[in-house]
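Analysis of the macromolecular model
These are the residues of each chain, in order.
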Amino acid sequence: MPQEIFWLAATALMTALFWAPYTLNRMAARGLMRTLGNPAADDAPHADWAERSIKAHKNGVENFAIFAPLALAVVALGIGDALTGTACMIYFFARLAHFVVYTAGIPGLRTIAFTVGFIVQALLALRVMGLM
């Protein structure tokens, strides 16, 4: 299996699980039945960290929509190598770090983690375009 596909699948699974922390907070704040029901105006608010977790999850999904087609294009075009495989691994860990530090409220590290992920996306795009 190409490393790009492995790390793409790992990133997809990780991003799919980002809902879990803030949903647990929602259950703690609102109770199970209110969590399972439709949102209401009088629902108890999330903790600050859970609000940041929701935003980090949304950001992860938005960036996955850029990363996934690039990683797939590398594999489909047969232009993957150690660099693109390693880049996809770095993307996974950059997005994990982004989620953790965003949820924890550490703005400087959040920006660094985001930037590392963006650099990987740019690298993959340049490879797909034949510019690298």
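Before any of the text, the structure's been laid out above.
What this report covers is the structure whose coordinates are included nearby. (Residues numbered from 1 in each chain as written. Predicted model: local features only at pLDDT ≥ 70, side-chain atom pairs only at ≥ 80, totals over all residues. Heavy atoms only, no water.)

Some remarks on the nonpolar core
Just so we agree on the cut-off: Each nonpolar core is a collection of buried residues, namely Ala, Val, Leu, Ile, Met, Phe, Trp, Tyr and Cys, held together in the definition by side-chain atoms within 4.5 Å. Using a 1.4 Å probe on the protein chains alone, a residue whose accessible area is under 20% of its type maximum counts as buried, one over 50% counts as exposed, and one in between counts as partly exposed. Secondary structure elements are taken from DSSP: a helix is a run of H or I of four residues or more, a strand is a run of E of two residues or more, and numbering for both begins at the N terminus. What makes two residues a contact is simply this: any of their non-hydrogen atoms within 4.5 Å.
In this structure, Phe67, Cys88 and Leu124 are the most contacted members of the largest nonpolar core, which totals 20 residues. For this core, the secondary structure elements donating two or more residues are helix 1 (3-17), helix 4 (48-76), helix 5 (82-104) and helix 6 (107-128). Ignoring anything within four residues of it in the chain, the contact list for Phe67 reads Leu8, Thr11, Cys88, Tyr91, Gln121 and Leu124.

Quick word on the packing of helix 1 against helix 4
Here is the rule we go by: To obtain each axis, a line is fitted to C-alpha atoms, and for helices this fit is confined to the stretch in contact; angles are then taken between N-to-C directions over 0 to 180 degrees. By definition in this entry, angles of less than 35 degrees are roughly parallel, angles greater than 145 are roughly antiparallel, angles of 65 to 115 are roughly perpendicular, and the rest are oblique. It is the rotation of the near helix from the far one that decides the hand of a crossing: anticlockwise by less than a right angle makes it left-handed, clockwise makes it right-handed. Here the nonpolar group is Ala, Val, Leu, Ile, Met, Phe, Trp, Tyr, Cys and Pro; Asp, Glu, Lys and Arg are the charged ones; every other residue, Gly included, is treated as polar.
Their axes nearest at 10 Å, the elements helix 1 and helix 4 cross at an angle of 165°. Taken together, the axes of helix 1 and helix 4 are roughly antiparallel relative to one another. Classified by chirality, the crossing of helix 4 by helix 1 is left-handed. Contacts between helix 1 and helix 4 involve Glu4, Ile5, Leu8, Thr11, Ala12 and Thr15 from the first element and His57, Gly60, Val61, Phe64, Phe67, Ala68, Ala71, Leu72, Val74 and Val75 from the second. Across the contact of helix 1 with helix 4, the residue classes break down as eleven nonpolar, four polar and one charged.

Functional significance is not addressed by these values, which are geometric in nature.
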